[in-house]
Amino acid sequence: MAVIDLANPTRFLSLVNRVLPWLALATLIVFVVGLYRAMGAPDDYQQGATVKIMFLHVPAAWLGMLGWALMSVAALGTLVWRHPLADVAGKAAAPIGAAFTFICLVTGSLWGRPTWGTYWVWDARLTSVLVLLLLYLGVLALYWTAEDPGRGSRAAAVLTLVGAVNLPIIKFSVDWWNTLHQPASILRMGGSAIDPSILAPLLIMAAAFTLLFFTLLLAAMRNEILRRRVRTMRLMQAREMPA
Amino acid sequence: MTTLVALMLRDMRLAVRVGGGALMGALFFLIVVVMVPFAVGPDLKLLARIGPAILWLGALLASLLALDRLFATDYEDGSLDLMMSAPTPLELTVAAKAIAHWLTTGLPLVVIAPLLGLMLNVEMGSMGWLMLTLLAGTPALTFIGLIGAALSVALRRGGLLLAVLVLPLTIPVLIFGVAAAEAAIAGPTPFGPAFTILCALSLASFVIGPFAAAAALRYGLE
């Protein structure tokens, strides 16, 4: 079965039904391994055990940005390549990405209180991630206020592409501006600056979060396809009713 | 070219006539700025401190509320369909409409800013610089708002949806506009860098806005 066959919603649904249980199982296993390694990681010499919030905060941040990147690709699929399932993917990814961004902000805020002394500060990184959350909420508003799913998705696709300019701003904000948030320490010139004993659990947790994202995404896409089918059947039924 | 000029003149003429709403934006700006001393108290030093920020916020909100007018009336009477099926590229058409909109909505905001600055005890010597930042920044607000207006006319949902879509995109304009204004009035930081970034944002939105708005109209109204 070629990838192009997945454009057929029925084939896609049958694939999801086969794959989803295994994906969920894999997510669970990697989460267990990741959390075990995270608990076993050494404490920070300055922050003590609070550094372990990082194992939730950083992957959530990465997934929040991955969500928008995926939505941007889906937006291109909707507008440029007219892939039938692209708008389903974009609509399904939006709430999940928004949730991860929200988790990132909340865990970061809870981490900031003991270490920086404040729950919130208006530095470049925090502000741009907050703007990302607002953009997510805007796209969700577009998806949910459109009566016609197709038209709403096209409008949301345009907004997604416009908002994609925020992603490089978030990534490089800590380098361009002098901020309270820590500068880049993993994906930077000169290699990672984190000790392997902490980097390894972090990457395992990131993998777990990514698997969770895709599990939820496939399930949400299945729900959206079924939802649209129900809507179509209702419309057909209404059309056949006596005037 | 004459098509675009004719379109601009048409929009400007419609805006200044009865029901056009051209000066409503300026009136709303006035009302918002008058509300602020009621809310924060009449302490003149405090008002002077937050004056540039209040002027910028008022200009932002006034621009936002006027954006409805950009496409809604044309959509209702069918002119928008004519514009979309015309030989002139849709990107240029919406850019012309946005320029006309800025001339009738954004420019009055800049003109009455000194009067409002007086009410907020903003230092009059630096008022010229503040007007310059508004002059450079209000086009960015109009062209970014153009995107939101195109998205919400396609969905026929006005009101707050437009604000929710547009406001996050205008945050950089607000940040640099206020930074430039405060640099001119008080700050140790120089006026130049913030102002040039503000101009850059306006120029960038002048390009990106029409393309995104045309795409939104095409895909939303097909």
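Residues numbered from 1 in each chain as written. Chains lettered and ligands numbered in written order. Predicted model: local features only at pLDDT ≥ 70, side-chain atom pairs only at ≥ 80, totals over all residues.

Novice: Talk me through the overall build of chain A; I want residue IDs and the actual numbers.
Specialist: In terms of regular secondary structure, chain A is built from seven helices and zero strands. Each helix and strand of chain A, ordered N terminal to C terminal, gives the series α-α-α-α-α-α-α. Based on the C-alpha atoms only, the size of chain A along its principal axes is roughly 75 × 35 × 30 Å. Burial analysis of chain A (243 residues in total) assigns 33% to the buried set. Considering only intrachain contacts with a sequence separation of at least 6, the fraction spanning at least 24 residues in chain A is 76%. (Helix = DSSP H or I, 4+ residues; strand = E, 2+ residues; numbered from the N terminus. Buried ≥ 20, exposed ≤ 12 C-beta atoms within 10 Å, placed from the backbone. Contact = placed C-beta atoms within 7 Å.)

Novice: Could you give an account of the overall build of chain B, naming the residues involved and the relevant values?
Specialist: In terms of regular secondary structure, chain B is built from nine helices and zero strands. Ordered by position from N to C terminus, the α and β elements of chain B give α-α-α-α-α-α-α-α-α. Against the compact-globule benchmark of 17 Å for 222 residues, chain B has a radius of gyration of 18 Å, which places it among compact chains. By principal-axis analysis of the C-alpha atoms, chain B measures approximately 55 × 35 × 30 Å. The 222 residues of chain B split such that 48% are buried. The long-range fraction of contacts in chain B, counting pairs at least 24 apart against all pairs at least 6 apart in sequence, stands at 80%. (Rg over C-alpha atoms; globule rule 2.2 N^0.38 Å.)

Novice: Quick one: what's the story with the interface of chain B and chain A, residue by residue and with numbers?
Specialist: Taken together, the contact between chain B and chain A spans 16 residues of the former and 17 residues of the latter. Taken together, the elements giving at least two residues each to the side of chain B that touches chain A come down to helix H7 (127-155), helix H8 (160-185) and helix H9 (191-221) of chain B. The element contributing the most residues to the side of chain B that touches chain A is H8 of chain B, with six residues.

Novice: Which residues make up unusual backbone geometry, and what are the values?
Specialist: Here the phi dihedral of Arg82 of chain A falls at roughly 55 degrees; this positive angle occurs in a residue that is not glycine. Following the sequence through the fold, Arg82 of chain A ends up in the loop between helix H2 (54-81) and helix H3 (86-116). The class for Arg82 of chain A is exposed, based on 10 C-beta atoms found within 10 Å. The phi dihedral of Asn121 of chain B falls on the positive side, at around 60 degrees, and the residue is not glycine. Turning to its location among the elements, Asn121 of chain B is positioned in the loop between helix H6 (90-119) and H7.

Novice: Report on the nonpolar core, specifying residues and quantitative values.
Specialist: With 125 residues, the main nonpolar core has Ala155 and Val158 of chain A together with Leu146, Ala150, Leu151 and Ala216 of chain B as its most contacted residues. The element that contributes the greatest number of residues to this core is H7 of chain B, accounting for 16 residues. If near-sequence neighbours (up to four positions away) are discounted, Ala155 of chain A is found in contact with Leu142 and Ala146 of chain A together with Leu151, Ala154, Leu155, Ala216, Tyr219 and Gly220 of chain B. (Core = buried A, V, L, I, M, F, W, Y, C linked by C-beta atoms within 7 Å.)

Novice: Break down the confidence of the model for chain B for me, citing the residues and quoting the values.
Specialist: On average, residues of chain B score 88 in pLDDT, and 96% of them are at 70 or above. Both scores are given for the predicted complex: the pTM is 0.84, the ipTM 0.77. (pLDDT = per-residue confidence, 0-100.)

Novice: Go over the packing of helix H1 (residues 9-40) of chain A against helix H7 (residues 196-240) of chain A, please, and point to the residues and values.
Specialist: Residue and element names in this part refer to chain A. Interhelical geometry of H1 versus H7 gives an angle of 155 degrees and a closest axis separation of 8 Å. Relative to H7, H1 is oriented roughly antiparallel. H7 is crossed by H1, and the crossing has left-handed handedness. In terms of residue class, the contact of H1 with H7 is made up of 24 nonpolar, three polar and two charged. (Axes fitted to C-alpha atoms, helices over the stretch in contact; angles between N-to-C directions. Parallel < 35°, antiparallel > 145°, perpendicular 65-115°, else oblique. Left-handed = near helix turned anticlockwise from the far one by under 90°. Nonpolar A, V, L, I, M, F, W, Y, C, P; charged D, E, K, R; others polar.)

Novice: Any chance you could break down the packing of H8 of chain B against H9 of chain B for me, citing the residues and the numbers?
Specialist: All names here are of chain B. Interaxial distance between H8 and H9 falls to 8 Å at its minimum, and their mutual angle equals 150 degrees. When the axis of H8 is compared with that of H9, the two are roughly antiparallel. When the axes of H8 and H9 are compared, the crossing they make is left-handed. Between H8 and H9, the residues in contact are Pro172, Val173, Phe176, Gly177, Ala179, Ala180, Ala183 and Ala184 and Phe191, Ala194, Phe195, Ile197, Leu198 and Leu201, respectively. Looking at the contact of H8 with H9 residue by residue, the classes come out as 13 nonpolar, one polar and no charged.

Novice: So what about H9 of chain B? Which residues, and what values?
Specialist: Every α-helix winds through 3.6 residues per turn, so residues three or four apart in the chain are directed the same way. With 31 residues, H9 of chain B ought to run about 45 Å at 1.5 Å a step, and its terminal C-alpha atoms sit 43 Å apart, in line with that. In the structure, H9 of chain B departs most strongly from a straight axis at Ser205 of chain B, where the bend amounts to approximately 30 degrees. (Expected span 1.5 Å × (residues − 1). Bend = angle between axes of the 7 residues up to and from the residue.)

Novice: Run through H2 of chain A, naming residues and quoting values.
Specialist: Residues and elements named next belong to chain A. The terminal C-alpha atoms of H2, which comprises 28 residues, lie 39 Å apart, in line with the 40 Å expected from a rise of 1.5 Å per residue. By the criterion of burial, H2 is predominantly enclosed, with 20 of the 28 residues buried. Arg82 sits one or two residues past H2 and shows a positive phi near 55 degrees.

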